Each structure stands twice: as structure tokens, then as C-alpha cells.
Amino acid sequence: MRTPLRVGIAVFNAGDHRAAHEAWEEPWLALDSGPDERLLHGLVQYAAATHHARRRNWSGARGLAESAAEYLSGLDDDHRGVNVDDVRRHLRRLAADPEFAERRRPLALRHEGEKLTPRDLSFPEVADAAALLAAEYDAFDSSVVDDAVRYARGELDDDADPTLDADRSRGFVGMLFEFAADRERRAVVYDRLRGHVERRRSRERDVSGLFD
């Protein structure tokens, strides 16, 4: 619950609303009725309402905002550390005036008081976020991101320097954080990431061929 919740919040705040929906949908569907199910169901619909509002589908945004607010009603104001009360109030305003979305950015989600972005995630969390984003957009090849994650895990396992995960700026680790966090430059970052992955794959093939 914690990992998909945080991953979804971070990618939502980065502007990838449909990817946030995907982060929450599978764990939501696996839950029985209860407060956690209502939280994730409400967040899924909040993400969808935001997506529709940003595309000027006012009727879709209104209906989803109303439904999301209903799912979040009755929950504690900070259930699971999420700023639920802020989200409910935002949804009520969006339902009353969907065009409000043109005048204001979507309300940022918070977890345990922190406005999460992908740069605030742990490496395992950002690996999940990068995989979600690669699957969401046709411009990206999921196999490239999957291999980048594999190589990054190797860096973390092999590097004696414990600051590699902390500074998040070097190697495959750094590129994956940048890919998840920088929506405006994501295509450029992906091209660089793909180049590094292809070179590493080539070296792996060369080594493998020595034993054929």
C-alpha cells in the first residue's frame, strides 16, 4: 500500500495524472471494502477527473470529481498520511465549476506532510515510477527502462560509495531519477538513457560471445 501510494502521489505531482491512476488502480482493485479501498478509489478518480479537466472535458471532470469526493467522504482528514481533506475541498470546487481547472494548477497531493515529487522517492520507488511512465507513453520502450533499472541496481550493489543513492545524480540511478522527475525534458533524458542502455547491452553481447 505504501509504495504504490507514494509512487502515485509523486508522479501525479509531476503532472503525469494518468500514470498516477495506473499506480493506484491495481492495489485498489485488490482491496476489500474499507477506508484504504475508499482512499485509493477516490485518488484514482481524482487523477481521472484532473486528466479530463486538463483536456477541457468538463462533463467528465464534473462527474468524476463528484464521485471521487463521495469515496473520500468519511475518511480521516489525513488517512494514510494523505491530505484527504484538502483533496475533498478541491474536488467539491472542481465539481461545481470544472473550468476552475483552467485557472489553477491541480491540487498537489501530500504524504505525511510532504509534497512528494519523484526526486523524493527511494530508488525502488523511482524504479516503479519509471516503469509506469515508460508503459504510459508510446514514445518510450519499456524494455529500455527495465534494463536501465537492472543496471542501476547493479551500480547500487557494486558501488562501495553509499552516497550514490543519496545524491541521485550519477550513472543509471541518476538518469532514472531525472527521467521520472523532469517531465519537460523527459524525451531528451530518455534518448540519453537509451544510448547508455544500448552500449551496455552491446558489451554484454560481446562478453557472452566469448563463450559461444
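Residues numbered from 1 in each chain as written. Predicted model: local features only at pLDDT ≥ 70, side-chain atom pairs only at ≥ 80, totals over all residues. Heavy atoms only, no water.

Explain the packing of helix α1 (residues 2-13) against helix α7 (residues 123-136) to me, please; I cannot follow it from the model alone.
Angle between the axes and distance between the axes are the two parameters that describe a pair of packed helices. Between α1 and α7, the shortest axis-to-axis distance is 9 Å and the interhelical angle comes to 60°. The angle between α1 and α7 falls in the class oblique. Between α1 and α7 lies a crossing of right-handed hand. Between α1, through Thr3, Arg6, Val7 and Val11, and α7, the contact on the second element is made entirely by Glu125, Asp128, Ala129 and Leu132. Here the contact of α1 with α7 is built from residues that sort into four nonpolar, one polar and three charged. (Axes fitted to C-alpha atoms, helices over the stretch in contact; angles between N-to-C directions. Helix = DSSP H or I, 4+ residues; strand = E, 2+ residues; numbered from the N terminus. Parallel < 35°, antiparallel > 145°, perpendicular 65-115°, else oblique. Left-handed = near helix turned anticlockwise from the far one by under 90°. Contact = heavy atoms within 4.5 Å. Nonpolar A, V, L, I, M, F, W, Y, C, P; charged D, E, K, R; others polar.)

What is the right way to read the pattern of salt bridges from this model?
Note that side chains of opposite charge can pair when their charged atoms are close. Counted by the stated rule, this structure contains 17 salt bridges. A salt bridge links Asp77 to Arg88; its shortest N-O distance comes to 2.6 Å. With Asp77 in the loop between α4 (58-72) and α5 (84-96) and Arg88 in helix α5, this pair connects stretches of sequence that are 11 residues apart. Given the relative accessible area of 47%, Asp77 is considered partly exposed. Of the charged contacts, one joins Asp147 and Arg150 as a salt bridge, the two residues approaching to 3.2 Å between their closest N and O atoms. (Salt bridge = Lys/Arg side-chain N within 4 Å of Asp/Glu carboxyl O. Buried < 20%, exposed > 50% of the residue type's maximum accessible area, 1.4 Å probe, protein only.)

Whenever I open this one, the nonpolar core confuses me. Can you help?
Proteins that are soluble and globular tend to have nonpolar side chains buried together. Counting 63 residues, the largest nonpolar core has Trp24, Phe123 and Leu176 as the members making the most contacts within it. Leaving out residues up to four positions away in the same chain, Trp24 has contacts with Pro4, Leu5, Gly8, Ile9, Phe12, Leu40, Leu43, Val44, Ala47 and Leu109. (Core = buried A, V, L, I, M, F, W, Y, C linked by side-chain atoms within 4.5 Å.)

For this particular structure, what's the right way to read the packing of helix α3 (residues 35-54) against α4?
Look at α3 against α4: their axes get within 8 Å of each other, and the N-to-C directions meet at 160°. Regarding the angle of α3 to α4, the classification is roughly antiparallel. The element α3 and its partner α4 pack so that their crossing is left-handed. Within the contact between the two elements, α3 uses Arg38, Leu39, His41, Gly42, Gln45, Tyr46, Ala48, Ala49, His52 and Ala53 and α4 uses Trp58, Gly60, Ala61, Leu64, Ala65, Ser67, Ala68, Glu70, Tyr71 and Leu72. Here the residues of the contact of α3 with α4 sort into 12 nonpolar, six polar and two charged.

Looking at this structure, how should I read helix α2 (residues 17-30)?
The α-helix advances 3.6 residues per turn, and as a result positions three or four apart in sequence lie on the same side. The end-to-end C-alpha distance of α2, which contains 14 residues, comes to 21 Å, matching closely the 20 Å that a straight helix rising 1.5 Å per residue would cover. Helix geometry: α2 is bent most strongly at Trp24, by close to 30°, with proline Pro27 lying one to four residues after it. Where α2 is concerned, the buried positions are His17, Ala19, Ala20, His21, Ala23, Trp24 and Trp28. In this fold, the buried residues of α2 make contact with α1, α3 and α7. (Expected span 1.5 Å × (residues − 1). Bend = angle between axes of the 7 residues up to and from the residue.)

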